[in-house]
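# Coordinate inspection notes
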Amino acid sequence: MLLRAGDVGVLLAGAGLVAALTAWAWSGDRGDSVVIRAAGRIVKNLPLTHAQTVSVDGPLGTTRIAIEPGRARVVADPSPRQLCVKQGWLTQSGQAALCLPNQISLEIRGRKAAYDTLGY
Amino acid sequence: MTRSAIELPVTPDDRRIARLAALAIGLTLAEAAIPSPVPGVKPGLANIVILLVLLQYGWRAAAWVSALRVLGGGLLLGSLFAPGFWLSAAGALASLFVLALARHLPSRHFGPVSLSVLAAFGHIGGQLALAAWWLLPSAAVVTLLPVFAAAALTFGAVNGVIVARLLAGAASSGRQSASCIPPSAP
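Remember, predicted model here, so these are calculated numbers, not experimental data. (Residues numbered from 1 in each chain as written. Chains lettered and ligands numbered in written order. Predicted model: local features only at pLDDT ≥ 70, side-chain atom pairs only at ≥ 80, totals over all residues.)

## Focus: the pairing of strand β6 (residues 96–99) of chain A
All names here are of chain A. Alternating residues of β6 divide into A97 and C99, all buried, and A96 and L98, none buried. As defined by bridge partners, β6 adjoins strand β7 (residues 104–109) across 4 bridges and the pair is classed as antiparallel. Looking across to β7, one finds that L98 is bridged to S105. Taken together, β6 and the strand that follows it, β7, pair antiparallel across an intervening segment of 4 residues, in which Q103 is found at a positive phi of about 60 degrees. (Buried ≥ 20, exposed ≤ 12 C-beta atoms within 10 Å, placed from the backbone. Helix = DSSP H or I, 4+ residues; strand = E, 2+ residues; numbered from the N terminus. Pairing = 2+ DSSP bridges.)

## Overview of the sheet that holds strand β4 (residues 62–68) of chain A
Residues and elements named next belong to chain A. Judged by pairing direction, the sheet is antiparallel, and its 3 strands sit side by side in the order β3-β4-β5 without closing on themselves. Because the sheet does not close on itself, it has two edges, and the strands there are β3 (52–57) and β5 (71–76). Strand-to-strand twist of the sheet, defined as the mean angle between neighbouring strand axes without regard to direction, takes the value 25 degrees. Examined bridge by bridge, β3 and β4 share 6 bridges and lie antiparallel to one another. (Axes fitted to C-alpha atoms, helices over the stretch in contact; angles between N-to-C directions.)

## Side note on the pairing of β5(A)
Residues and elements named next belong to chain A. Pairing analysis gives 5 bridges linking β4 to β5, with the strands arranged antiparallel. Paired with R64 across the strands is A76, a residue of β5. Hairpin remark: β4 followed by β5, antiparallel, with 2 residues in the connecting loop; positive phi at G70, about 85 degrees.

## Some words on the sheet that holds β6(A)
Residues and elements named next belong to chain A. One open sheet accounts for 4 strands, arranged β2-β1-β7-β6; its pairing is antiparallel. At either margin of the open sheet sits one strand with a lone partner, and together these are β2 (41–47) and β6. For this sheet the average axis-to-axis angle between neighbouring strands, irrespective of direction, equals 15 degrees. Where strand β1 (residues 33–38) and β2 come together, 6 bridges link them in antiparallel fashion.

## Describing the interface of chain A and chain B
At the junction of the two partners, chain A supplies 16 residues and chain B supplies 20 residues. Taken together, the residues that form the side of chain A that touches chain B break down as 11 nonpolar, 3 polar and 2 charged. (Contact = placed C-beta atoms within 7 Å. Nonpolar A, V, L, I, M, F, W, Y, C, P; charged D, E, K, R; others polar.)

## Details of helix α3 (residues 59–77) of chain B
Residues and elements named next belong to chain B. Over its 19 residues, α3 extends 26 Å from the first C-alpha to the last, a length consistent with the 27 Å expected when each residue adds 1.5 Å. Listed in full, the buried residues belonging to α3 are A62, A63, V65, S66, R69, V70, G73 and G74. Down the axis of α3, the sector holding all buried residues measures 165 degrees, keeping them to one side. Close packing links the buried residues of α3 with α1 (12–32), α2 (46–57) and α4 (83–102). Looking at the residues trailing α3, positive phi occurs at G78, about 75 degrees. (Expected span 1.5 Å × (residues − 1). Arc of directions from axis to C-beta.)

## A short note on the environment of A102(B)
Residue and element names in this part refer to chain B. Considering the arrangement of structural elements, one finds A102 in helix α4. Residue A102 is classed as partly exposed on the basis of its 19 C-beta neighbours within 10 Å. A sequence separation of 12 residues divides A102 from S114, and the C-alpha atoms of the two residues are 8.4 Å apart. Discounting residues that sit within four places of it in the chain, A102 has contacts with S114, L115 and L118.

The structure is reproduced here in structure tokens:
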């Protein structure tokens, strides 16, 4: 009998430890707020604490943004290629979704920024 | 005629520990030839011997074999008192400490695989603790932590299964001698 009941438990606990260490060591900085810009100007800076929906107007129309605890995404946007909508949920500090040509952008901020600025 | 004043009595226990330590050192040397993508990730084949010694002759003998293995391995690999030697020693020490606690687990439920996996985690824990404190006091160790932990789990489980098989084989084939390690040639 190679494996006893406790052995399976130890192996599962070990696998859990490996998974926990992986999640802890390899996950980046989780964001805690979202900055929404329209035409380059910050229009809203919201914490990622509770669920809400935000609508921001751009040159093409209204962009709707959904915020949930720990994440945010663009729900609807009038831009033709829908790239920022297809990006889905943003969770990590530094992640951003740009809705062009509606000139709306979404950026997740964490405790410390991974870089000072990004140029597009 | 005067006899030599210094006489070191050698007990059968000493001979057995020396023989097992030689086996462990041999495995350490063989393992050093295996290329590894990440320094420090090794199968830890010598731990098979340590575990067998622990299960058959007790913790004291295992500690002796482990200490001789680290010392002899360092001597033969040319890394005696180099950083790698101290990492190895810290790992062996932590692993022995874990085994000292883990061997009191009820053996009905916890077999060699449990001991091997726990010892492997102890080994890598001791090594990384020393490395983080002494060699790389930065976040570099944290990034590699999942790799080391996954290696410890994998190799610990494999070594444990090997130990369990060796013990089962010894129990079924040679009932007269409970030892799975062949007795020395006369």
